[in-house]
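Fold and geometry: a report
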Amino acid sequence: MKVGIIGAGRIGKVHGESITNHIQDASVAAMADPYWTEDSRKWAKNMGIPAYDDYHDILKDPSIDAVLICSSTQTHAPISIEAIRAGKNVFCEKPISHDLSEIKAVIKELEKSRVKYQVGFNRRFDHNFRAIYNAVAGGQVGDIQIVKITSRDPDTPPIEYVKVSGGIFMDMMIHDFDMVRYLTASDVEEVYVNGAVLIDPKIGEAGDVDTAIVTMKLSNGALAVIDNSRRAVYGYDQRAEVFVSKGQVSVTNDCPSNAVLSTANGVVAEKPLHFFLERYMQAYATEVGEFLDAIKNDKQVPVSVNDGLQAVLIAKAADKSLAEHRPVKLSEIKF
Ligand SMILES: NC(=O)c1ccc[n+]([C@@H]2O[C@H](COP(=O)([O-])OP(=O)(O)OC[C@H]3O[C@@H](n4cnc5c(N)ncnc54)[C@H](O)[C@@H]3O)[C@@H](O)[C@H]2O)c1
């Protein structure tokens, strides 16, 4: 299977390496980016991946079965539509778009097509979160009552990035919104947000918050709470717990090792793996592997365009709740 990658930034390279190094029967036929940096060009050369300036050259190549859209967010929807029209199977990084009318246009295009379309919610493929999912799926451990997710970055992004990121809910917590839907197999009905600027006043000046707690009511009756911080000084903090009628299932962070140093002064363990590139490499490879498997064996993709849409709707409801200081029902967000 031949894959084209659009966007040669951080995540484009992650997927390029996963496919080249970990996925059998698949190769990266080309990568396209109009703004190649010298380092990225060197990287592509070392990987043996042809570097194009224009992604249309990927879309025009009949030997390419699938494209991975890894370019900046505002390009996702227009490129998705062109790729679907070109008959390519599409893996699109999150979020599909900040703009609901653009997502609607992608869905309309998919309705006219038979191509597969998967959205990049990589955490569904993480070994820890999948273990929770497997434990609660099918209800063997009883009914889900509470979901708790802690998701904190090791440090704030550059302020220029914050300004175009779409805000903490669309950029960062969107993964956690999807995780709540994944772990509970339930939609979200209502969202209530408390947000604050506790780390960097520049984030507040850019109109965003750097710390947020979101509580949610789900359509299966369960409750969920997510906390996000843009800076956890001890590293990338990615934990989850599902409390069920017969007990609870929880996962903690992955560390470089589980060594614990115990001395007369105290007990010291390693910090969590630093950030997403360290923490989720296995998940990135598995998500693309499952996407390619769905194409090869004509199966349903594991993360659908509706999953992509729902997470954006929740992010919009969270923005509204923060602005209006009240619980917001998902039904208030017009699609
Ligand atoms: N799933 C995840 O965990 C995850 C992690 C990081 C980023 N992302 C998403 O992936 C996307 C890219 O993020 P990144 O961190 O790699 O950003 P980045 O800035 O490192 O890379 C984006 C690349 O897209 C290129 N680009 C811009 N317009 C283009 C076009 N028209 N055609 C082709 N390339 C174009 C840029 O030149 C840049 O090289 C974002 O939407 C982001 O939300 C997802």
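Here, every reference points to the structure presented above.
Residues numbered from 1 in each chain as written. Predicted model: local features only at pLDDT ≥ 70, side-chain atom pairs only at ≥ 80, totals over all residues. Heavy atoms only, no water.

Counted residue by residue, strand S10 (residues 223–229) has five buried out of seven residues, so it is predominantly covered. Looking at chain direction, strand S7 (residues 144–152) and S10 are connected through seven bridges and run parallel. Counterpart to Ser151 in the pairing with S10 is Asn228. As defined by bridge partners, strand S9 (residues 211–218) adjoins S10 across seven bridges and the pair is classed as antiparallel. Pairing of Thr215 across the sheet is with Val225, part of S10. Counted along the chain from S9 to the antiparallel partner S10, the turn is four residues long, and its residue Gly221 has a positive phi close to 95 degrees. (Buried < 20%, exposed > 50% of the residue type's maximum accessible area, 1.4 Å probe, protein only. Helix = DSSP H or I, 4+ residues; strand = E, 2+ residues; numbered from the N terminus. Pairing = 2+ DSSP bridges.)

Not every one of the 24 residues close to the ligand is listed here, only the nearest: Arg10, Asp33, Thr73, His76 and Tyr284. Between an oxygen atom of the ligand and a side-chain N or O atom of Thr73, the distance comes to 2.7 Å. Split into classes, the residues belonging to the shell around the ligand amount to ten nonpolar, ten polar and four charged. (Near = heavy atom within 4 Å. Polar contact = N/O pair within 3.5 Å; in protein donor to acceptor, adjacent residues only side chain to side chain. Nonpolar A, V, L, I, M, F, W, Y, C, P; charged D, E, K, R; others polar.)

Time to look at the nonpolar core. Grouped together as the largest cluster of nonpolar side chains are 103 residues, with contacts concentrated most on Tyr117, Phe169, Phe177, Val191 and Met216. Considering each element in turn, this core owes the most residues, eleven residues, to helix H8 (residues 168–184). Not counting chain neighbours up to four residues away, the residues in contact with Val191 comprise Val214, Thr215, Met216, Ile314, Ala317, Ala318, Ser321, Arg326, Pro327, Val328 and Leu330. (Core = buried A, V, L, I, M, F, W, Y, C linked by side-chain atoms within 4.5 Å. Contact = heavy atoms within 4.5 Å.)

Between helix H5 (residues 100–111) and helix H12 (residues 305–324), the least distance of the axes is 11 Å, while the angle of their chain directions is 170 degrees. By the angle class used here, H5 and H12 are roughly antiparallel. Every pair of crossing elements has a handedness; the one defined by H5 and H12 is left-handed. Seen from H5, the contacting residues are Leu100, Ile103, Val106, Ile107 and Leu110; seen from H12, they are Val305, Leu309, Val312, Leu313 and Lys316. Across the contact of H5 with H12, the residue classes break down as nine nonpolar, no polar and one charged. (Axes fitted to C-alpha atoms, helices over the stretch in contact; angles between N-to-C directions. Parallel < 35°, antiparallel > 145°, perpendicular 65-115°, else oblique. Left-handed = near helix turned anticlockwise from the far one by under 90°.)

With that settled, consider the sheet that holds strand S4 (residues 66–69). Ordered by their spatial adjacency, six strands build an open sheet running S3-S2-S1-S4-S5-S6, and the pairing between neighbours is parallel. The sheet is open, and its two edges are formed by strand S3 (51–52) and strand S6 (117–120), each paired on a single side.

Per the counting criterion, the structure on display carries five aromatic pairs. Between the aromatic rings of Tyr236 and Phe275, the centroid separation amounts to 5.0 Å while the plane-to-plane angle is 80 degrees, which identifies the pairing as edge-to-face. One end of the pair, Tyr236, is in the loop between S10 and strand S11 (237–244); the other, Phe275, is in the loop between strand S14 (266–269) and helix H10 (276–279), and 39 residues separate them in sequence. Residue classification places Tyr236 among the buried positions, given a relative accessible area of 2%. Centroid distance Phe275 to Phe276: 4.9 Å. Interplanar angle 75 degrees. Geometry classified as edge-to-face. What makes Phe276 buried here is its relative accessible area of 13%. Taken together, the ring pairs in this structure connect Tyr236, Phe275, Phe276 and Tyr280 into an aromatic cluster. Against the face of Phe335 rests Lys104, its NZ or CZ located 5.1 Å from the ring centre. (Phe/Tyr/Trp six-rings, centres within 6.5 Å; stacked < 30°, edge-to-face > 60°. Lys NZ or Arg CZ within 6 Å of the ring centre and 35° of its normal.)

By themselves these figures say nothing about function.
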